[in-house]
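Structural features, examined
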Amino acid sequence: MKSILVTGGCGFIGSHTVLALLQAGFNVCVIDNLYNSSYESLKRVQKLAGKKTDFHQIDLRDKEKLKSLFDQSRFDAVVHFAGLKAVGESMEKPLLYYSNNVYGTINLCEVMKGAGVFDIVFSSSATVYGNPERSPISEDQRLGAVNPYGQTKLIIEEMLRDLHRSDPQWNTALLRYFNPVGAHKSGEIGEDPNGIPNNLMPFVSQVAVGKLDELKVFGNDYPTRDGTGIRDYIHVSDLANGHLKALKKLAENPGIVTYNLGTGKGATVLEVIHAFEQASNVKIPYKIAPRRPGDAAVTYADSAKAEKELGWKAERDLETMCRDAWNWQSKNPQGYDS
Ligand code: WQD
């Protein structure tokens, strides 16, 4: 039975991946510093899976604590989600992001190497493409982060590429997520951002449930079909499945592999609003506001490589994403605090 360590396993994508791993028969150990997540998510994951996981509250910057975990447990691979991910916060607190995301990953890799664990799936992001030259975006497109958060993802990717070059024992899957949204179909786990959401879907969802009054649409003068920004929204459960496929790929000793995880379809902000209104049967009040600095007009994935090499393809459409997001939010108006 394969034993997987999941860092950041109490987070949005982490919790959904832990559930998928348990349901696929893996043994799972979760570590999380709970800075930006709730242990309640893992309690619900275990209930849904009908299986237990180990849990240790560990911050990756605490190398001693991390090392003692590897001394007492044997892992076949690591799925590494732990990291801060708010673009705006990263602009205000860059050192926190470099310390938490980059230094934390250095510790993790050093402890893994010491324990003879060389298989890692890394939670990267489409943000490493910066303002993309064109869409659909393929993995060989120019990289260039435009904020400290994106910079940390890019640095970690470069670090993992160098690590593999220095020691081919490493098997590394870099997964570049586009816009993760939605929730497990049960509505028991979902996205629970701290404070006012930066991202569109949780913001819309909180307007629908009455937690927020009105959505600001950041710009309707983009060169798109309705003037609002286009993004590649991908269901978090499809994303979770992508991690299982990546783990399977690592078992073939592929060295270092990189995949875009997106649907390959773009949706505008107004299309998301309308889809959410359909799903929730709630009118979403919004007003047009100025563009948000740093936003690209159009970003969506070319995920043909993941389909060809992983046998993975996103299956859920925007309507399902909105329906599942609303199911979670309406059942948990205060998120896990509910
Ligand atoms: C989507 C669209 C906005 C909020 C970010 C990170 C990226 C990744 C996913 C981690 C854009 C518009 C948004 C609002 C709006 N995160 N919008 N009103 O910016 O594509 O990507 O999240 O890896 O790294 O950059 O996602 O949801 O913030 O924005 O009009 O209140 O919705 O302009 O067009 P984004 P987003």
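Just so we're clear, the structure is a prediction, and the values are computed from it rather than from any experiment.

**With respect to the packing of aromatic side chains**
In this description, an aromatic ring pair is defined by two values, namely the gap between the centres and the angle between the planes. The full count for this structure, using the stated rule, is six aromatic pairs. Relative to W326, the ring of F276 lies with its centre 6.1 Å away and its plane at 80 degrees, an arrangement referred to as edge-to-face. Of the two residues, F276 sits in helix α9 (residues 269-280) while W326 sits in helix α11 (residues 318-331), which places them 50 residues apart along the sequence. We classify F276 as buried; its relative accessible area is 0%. For W326, a relative accessible area of 16% translates into the label buried. Centroid distance W328 to Y336: 4.9 Å. Interplanar angle 55 degrees. Geometry classified as tilted. The exposure class of W328 is buried, given its relative accessible area of 2%.

**Side note on the pairing of strand β6 (residues 171-177)**
Most of β6 is tucked away, with seven of its seven residues classed as buried. Taking every second residue as pointing to the same face, both faces of β6 are buried, with N171, A173, L175 and Y177 on one and T172, L174 and R176 on the other. Two elements, strand β5 (residues 119-125) and β6, share seven bridges in a ladder whose sense is parallel. In the strand pairing of β6, S125 is matched with Y177. In terms of handedness, the path from β5 via helix α6 (residues 148-166) over to β6 forms a crossover that is right-handed.

What counts, and where the lines are drawn
- Residues numbered from 1 in each chain as written.
- Predicted model: local features only at pLDDT ≥ 70, side-chain atom pairs only at ≥ 80, totals over all residues.
- Heavy atoms only, no water.
- Phe/Tyr/Trp six-rings, centres within 6.5 Å; stacked < 30°, edge-to-face > 60°.
- Helix = DSSP H or I, 4+ residues; strand = E, 2+ residues; numbered from the N terminus.
- Buried < 20%, exposed > 50% of the residue type's maximum accessible area, 1.4 Å probe, protein only.
- Pairing = 2+ DSSP bridges.
- Right-handed = clockwise from strand over helix to strand, strands pointing away.

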